[in-house]
Amino acid sequence: VGGLKAMAQRIAHEMRSPLAHLRDDLDAARRAADPAQAERLGALVGEVDEMIAVFGALLDVTLAEAAAGDPKGLAPAALDEILAEAVELYEAVAEERGVALSYAPRGEATIMGDRHLLLRMFANLIDNAVKFSPPGGAVEIALRREGDAATVAVRDHGPGLPEGFETRAFELFARAANARSTPGHGLGLALARAVATRHAMTIALENAAPGLRVVVKGRAITAAAGAPARS
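Notes on the structure in this doc start here. A quick note: this is a predicted structure, and the numbers were derived from the prediction, not measured. Each chain has its residues counted from 1, following the order in which its sequence is written. pLDDT decides what is reported in this predicted model: residues at 70 or higher carry local features, side-chain atom pairs at 80 or more are listed and counted, and totals for whole chains, interfaces and linings draw on all residues regardless. Side-chain measures here rest on the full set of heavy atoms in the structure, leaving out hydrogens and waters.

Thoughts on helix α4 (residues 115-131)
Owing to its 3.6 residues per turn, the α-helix brings residues three or four apart onto one side.
Here's step 1: If you check α4, its first and last C-alpha atoms are 24 Å apart, about what 17 residues at 1.5 Å a residue would give, namely 24 Å.
Here's step 2: Turning to α4, its buried residues number three or more, namely L117, L118, L119, M121, F122, A123, N124, L125, I126, N128, A129 and V130. Elements are defined by DSSP. Helices are runs of H or I of four residues or more, strands are runs of E of two residues or more, and each kind is numbered from the N terminus. Expected span of a helix, by definition, is 1.5 Å for each gap between consecutive residues, and there is one gap fewer than residues. In this scheme, a residue with accessible area under 20% of its type's maximum is buried, one over 50% is exposed, and one in between is partly exposed, where area comes from a 1.4 Å probe on protein chains only.

Structure below.
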(Lines give C-alpha, C1' and ligand atoms only; values in the text may rest on other atoms or scores of the structure.)
Protein backbone atom coordinates (compact mmCIF):
# COMPACT_ATOMS: atom_id res chain seq x y z
CA VAL A 1 0.00 0.00 0.00
CA GLY A 2 2.85 2.35 0.86
CA GLY A 3 4.51 1.61 -2.46
CA LEU A 4 1.31 2.25 -4.39
CA LYS A 5 0.80 5.57 -2.60
CA ALA A 6 4.38 6.60 -3.34
CA MET A 7 3.91 5.69 -6.98
CA ALA A 8 0.65 7.65 -7.15
CA GLN A 9 2.38 10.68 -5.67
CA ARG A 10 5.26 10.43 -8.17
CA ILE A 11 2.92 10.06 -11.14
CA ALA A 12 0.80 12.98 -9.98
CA HIS A 13 3.89 15.15 -9.49
CA GLU A 14 5.42 14.26 -12.84
CA MET A 15 2.20 14.72 -14.81
CA ARG A 16 1.09 18.10 -13.49
CA SER A 17 3.62 20.19 -15.44
CA PRO A 18 3.11 18.57 -18.87
CA LEU A 19 -0.64 18.71 -18.37
CA ALA A 20 -0.42 22.41 -17.49
CA HIS A 21 1.60 23.04 -20.68
CA LEU A 22 -0.92 21.05 -22.72
CA ARG A 23 -3.76 23.08 -21.22
CA ASP A 24 -2.05 26.37 -22.10
CA ASP A 25 -1.42 25.25 -25.68
CA LEU A 26 -5.02 24.11 -26.13
CA ASP A 27 -6.33 27.37 -24.70
CA ALA A 28 -4.11 29.39 -27.06
CA ALA A 29 -5.37 27.32 -30.01
CA ARG A 30 -8.96 27.84 -28.83
CA ARG A 31 -8.57 31.62 -28.86
CA ALA A 32 -7.25 31.54 -32.44
CA ALA A 33 -9.75 29.00 -33.80
CA ASP A 34 -13.02 29.44 -35.64
CA PRO A 35 -16.20 29.10 -33.50
CA ALA A 36 -16.77 25.38 -34.19
CA GLN A 37 -13.16 24.43 -33.42
CA ALA A 38 -13.09 26.79 -30.44
CA GLU A 39 -16.04 24.97 -28.88
CA ARG A 40 -14.32 21.59 -29.23
CA LEU A 41 -11.00 22.93 -27.95
CA GLY A 42 -12.81 24.53 -25.03
CA ALA A 43 -14.22 21.12 -24.10
CA LEU A 44 -10.71 19.65 -24.25
CA VAL A 45 -9.41 22.41 -21.99
CA GLY A 46 -12.13 21.47 -19.50
CA GLU A 47 -11.09 17.80 -19.61
CA VAL A 48 -7.45 18.69 -19.00
CA ASP A 49 -8.48 20.93 -16.08
CA GLU A 50 -10.28 17.93 -14.62
CA MET A 51 -7.20 15.75 -15.00
CA ILE A 52 -5.03 18.39 -13.30
CA ALA A 53 -7.53 18.56 -10.43
CA VAL A 54 -7.40 14.77 -10.00
CA PHE A 55 -3.59 14.72 -9.88
CA GLY A 56 -3.64 17.66 -7.47
CA ALA A 57 -6.05 15.85 -5.17
CA LEU A 58 -3.87 12.71 -5.23
CA LEU A 59 -0.85 14.78 -4.19
CA ASP A 60 -2.85 16.50 -1.44
CA VAL A 61 -3.98 13.14 -0.04
CA THR A 62 -0.43 11.76 0.01
CA LEU A 63 1.14 14.89 1.52
CA ALA A 64 -1.55 15.25 4.19
CA GLU A 65 -1.15 11.63 5.27
CA ALA A 66 2.64 11.91 5.27
CA ALA A 67 2.46 14.94 7.60
CA ALA A 68 0.33 13.14 10.21
CA GLY A 69 1.68 13.83 13.69
CA ASP A 70 3.96 16.66 12.55
CA PRO A 71 3.10 19.90 14.38
CA LYS A 72 4.90 22.02 11.78
CA GLY A 73 2.51 24.35 9.98
CA LEU A 74 -0.25 23.98 12.57
CA ALA A 75 -1.70 26.97 14.39
CA PRO A 76 -4.86 27.72 16.39
CA ALA A 77 -7.80 27.43 13.95
CA ALA A 78 -11.38 28.34 14.85
CA LEU A 79 -13.65 25.59 13.55
CA ASP A 80 -16.79 27.73 13.82
CA GLU A 81 -15.25 30.38 11.55
CA ILE A 82 -13.92 27.80 9.08
CA LEU A 83 -17.33 26.12 8.85
CA ALA A 84 -19.07 29.46 8.33
CA GLU A 85 -16.70 30.20 5.44
CA ALA A 86 -17.24 26.76 3.91
CA VAL A 87 -21.02 27.19 4.12
CA GLU A 88 -20.77 30.61 2.50
CA LEU A 89 -18.80 29.10 -0.39
CA TYR A 90 -21.64 26.69 -1.19
CA GLU A 91 -24.70 28.83 -0.48
CA ALA A 92 -25.11 29.85 -4.13
CA VAL A 93 -24.54 26.29 -5.39
CA ALA A 94 -27.09 24.90 -2.94
CA GLU A 95 -29.63 27.57 -3.85
CA GLU A 96 -29.19 26.84 -7.56
CA ARG A 97 -29.87 23.15 -6.90
CA GLY A 98 -32.87 23.92 -4.68
CA VAL A 99 -31.15 22.57 -1.57
CA ALA A 100 -31.55 24.27 1.81
CA LEU A 101 -28.17 24.73 3.48
CA SER A 102 -28.13 25.41 7.23
CA TYR A 103 -25.35 25.84 9.77
CA ALA A 104 -26.16 25.61 13.47
CA PRO A 105 -23.09 25.84 15.71
CA ARG A 106 -23.60 25.00 19.37
CA GLY A 107 -20.60 26.68 20.88
CA GLU A 108 -17.18 27.54 19.50
CA ALA A 109 -14.09 25.40 19.17
CA THR A 110 -10.47 26.03 18.28
CA ILE A 111 -8.05 23.26 17.35
CA MET A 112 -4.41 23.17 16.32
CA GLY A 113 -4.58 22.85 12.57
CA ASP A 114 -3.81 23.97 9.04
CA ARG A 115 -6.66 26.34 8.27
CA HIS A 116 -6.42 25.86 4.50
CA LEU A 117 -6.59 22.07 4.76
CA LEU A 118 -9.46 22.17 7.26
CA LEU A 119 -11.43 24.53 5.03
CA ARG A 120 -10.85 22.22 2.08
CA MET A 121 -11.97 19.17 4.06
CA PHE A 122 -15.23 20.73 5.22
CA ALA A 123 -15.86 22.28 1.80
CA ASN A 124 -15.49 18.80 0.26
CA LEU A 125 -17.95 17.33 2.75
CA ILE A 126 -20.50 20.09 2.09
CA ASP A 127 -19.96 19.75 -1.66
CA ASN A 128 -20.72 16.01 -1.47
CA ALA A 129 -23.78 16.61 0.69
CA VAL A 130 -25.20 19.21 -1.70
CA LYS A 131 -24.32 17.13 -4.77
CA PHE A 132 -26.19 14.06 -3.50
CA SER A 133 -29.21 15.95 -2.15
CA PRO A 134 -32.41 15.87 -4.18
CA PRO A 135 -34.05 19.17 -5.22
CA GLY A 136 -35.99 20.44 -2.23
CA GLY A 137 -33.67 18.56 0.12
CA ALA A 138 -31.64 19.93 3.00
CA VAL A 139 -28.05 19.84 4.22
CA GLU A 140 -27.39 20.50 7.89
CA ILE A 141 -23.98 21.40 9.32
CA ALA A 142 -23.53 21.39 13.08
CA LEU A 143 -20.67 22.09 15.48
CA ARG A 144 -20.73 20.95 19.10
CA ARG A 145 -18.14 21.25 21.82
CA GLU A 146 -18.16 19.21 25.00
CA GLY A 147 -15.13 19.76 27.21
CA ASP A 148 -12.05 19.34 25.04
CA ALA A 149 -13.96 17.40 22.35
CA ALA A 150 -15.13 19.20 19.20
CA THR A 151 -17.59 17.44 16.89
CA VAL A 152 -18.63 18.56 13.41
CA ALA A 153 -21.51 16.81 11.62
CA VAL A 154 -22.56 17.25 7.98
CA ARG A 155 -25.85 15.55 7.17
CA ASP A 156 -27.75 15.29 3.90
CA HIS A 157 -31.06 13.67 2.96
CA GLY A 158 -29.89 11.93 -0.19
CA PRO A 159 -29.60 8.23 -1.07
CA GLY A 160 -26.92 7.50 1.55
CA LEU A 161 -24.43 4.66 1.11
CA PRO A 162 -25.04 0.98 0.38
CA GLU A 163 -24.75 -1.17 3.49
CA GLY A 164 -21.15 -2.15 4.18
CA PHE A 165 -19.67 0.59 1.95
CA GLU A 166 -18.85 2.96 4.84
CA THR A 167 -15.19 1.88 5.09
CA ARG A 168 -14.52 1.51 1.37
CA ALA A 169 -15.91 5.01 0.76
CA PHE A 170 -12.63 6.49 2.04
CA GLU A 171 -10.51 4.63 -0.50
CA LEU A 172 -9.05 6.46 -3.51
CA PHE A 173 -11.49 6.50 -6.45
CA ALA A 174 -14.15 4.60 -4.50
CA ARG A 175 -17.63 5.19 -5.94
CA ALA A 176 -20.81 3.59 -4.65
CA ALA A 177 -23.06 1.99 -7.25
CA ASN A 178 -25.77 4.58 -6.60
CA ALA A 179 -23.29 7.43 -7.24
CA ARG A 180 -21.99 6.42 -10.67
CA SER A 181 -24.23 8.93 -12.47
CA THR A 182 -23.11 11.83 -10.25
CA PRO A 183 -20.05 13.81 -11.38
CA GLY A 184 -16.89 13.11 -9.38
CA HIS A 185 -13.85 10.86 -9.11
CA GLY A 186 -14.20 9.35 -5.66
CA LEU A 187 -11.44 11.48 -4.13
CA GLY A 188 -13.40 13.81 -1.84
CA LEU A 189 -13.73 11.43 1.11
CA ALA A 190 -10.18 10.13 0.64
CA LEU A 191 -8.92 13.70 0.98
CA ALA A 192 -11.20 14.32 3.97
CA ARG A 193 -9.79 11.29 5.77
CA ALA A 194 -6.22 12.35 4.94
CA VAL A 195 -6.82 15.83 6.37
CA ALA A 196 -8.49 14.35 9.44
CA THR A 197 -5.49 12.04 9.93
CA ARG A 198 -3.15 15.01 9.58
CA HIS A 199 -4.99 16.67 12.49
CA ALA A 200 -5.35 13.57 14.70
CA MET A 201 -9.10 13.74 14.09
CA THR A 202 -11.51 10.89 13.47
CA ILE A 203 -14.00 10.82 10.62
CA ALA A 204 -16.93 8.43 10.34
CA LEU A 205 -19.89 7.88 8.02
CA GLU A 206 -23.29 7.17 9.58
CA ASN A 207 -26.56 6.11 7.98
CA ALA A 208 -28.94 9.00 8.70
CA ALA A 209 -31.99 7.21 7.24
CA PRO A 210 -32.55 9.01 4.97
CA GLY A 211 -29.21 10.35 3.86
CA LEU A 212 -25.67 10.29 5.17
CA ARG A 213 -24.12 11.93 8.20
CA VAL A 214 -20.38 12.56 8.23
CA VAL A 215 -19.01 13.06 11.74
CA VAL A 216 -15.57 14.59 12.36
CA LYS A 217 -14.17 14.70 15.89
CA GLY A 218 -11.07 16.43 17.19
CA ARG A 219 -9.50 17.86 20.31
CA ALA A 220 -10.24 21.48 21.10
CA ILE A 221 -7.57 23.59 22.75
CA THR A 222 -7.85 26.13 25.55
CA ALA A 223 -5.89 29.14 26.72
CA ALA A 224 -3.59 26.79 28.65
CA ALA A 225 -2.63 25.17 25.35
CA GLY A 226 -1.56 28.48 23.86
CA ALA A 227 -4.82 29.79 22.41
CA PRO A 228 -7.54 32.00 23.86
CA ALA A 229 -10.53 30.10 25.20
CA ARG A 230 -13.53 30.30 22.88
CA SER A 231 -16.22 28.59 24.95
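Regarding unusual backbone geometry
Here's step 1: A cis amide bond, omega 10°, links A209 with the succeeding residue P210.
Here's step 2: Along the chain, the position of P210 falls in the loop between β6 (202-207) and β7 (212-219).
Here's step 3: Although it is not a glycine, A200 adopts a positive phi angle of roughly 55°.
Here's step 4: Summarising the element assignment, A200 is placed in the loop between α5 (188-198) and β6.
Here's step 5: One non-glycine residue with positive phi stands out, namely A209, at about 45°.
Here's step 6: Position of A209 relative to the elements: it lies in the loop between β6 and β7.

Notes on the pairing of strand β4 (residues 138-146)
Here's step 1: Residues V139, I141, L143 and R145 line the buried face of β4, whereas the alternating positions A138, E140, A142, R144 and E146 sit on a face that is not buried.
Here's step 2: Bridge count between strand β2 (residues 100-106) and β4: seven bridges; the pairing is parallel. Counted as the bridge partner of A104 is A142 from β4.
Here's step 3: The criterion for strand pairing is that DSSP finds at least two bridges linking the strands in question. Bridge count between β4 and strand β5 (residues 149-155): seven bridges; the pairing is antiparallel. Bridged to E146 within β5 is A149.
Here's step 4: Between β4 and β5, which pair antiparallel one after the other, the connecting turn spans two residues, and G147 there sits at a positive phi close to 65°.

Describing the nonpolar core
Here's step 1: Here the nonpolar core consists of buried residues drawn from Ala, Val, Leu, Ile, Met, Phe, Trp, Tyr and Cys, with membership extended through side-chain atoms lying within 4.5 Å. Among the nonpolar cores identified, the biggest contains 46 residues, and L79, L118, M121, F122 and L125 are the most heavily contacted of them.
Here's step 2: Of all elements in the fold, only α2 (35-66), α3 (79-96), α4, β4, β5, α5, β6 and β7 reach the threshold of two or more residues within this core.
Here's step 3: Among the elements that take part in this core, α4 stands out by supplying ten residues, more than any other.
Here's step 4: With near-sequence residues (within four places) excluded, M121 lies in contact with A192, V195, A196, M201 and V216.
Here's step 5: The next biggest cluster of nonpolar side chains, apart from the first, holds ten residues, and it includes V48, V54, F55 and L187. We call two residues in contact whenever any of their non-hydrogen atoms come within 4.5 Å of each other.

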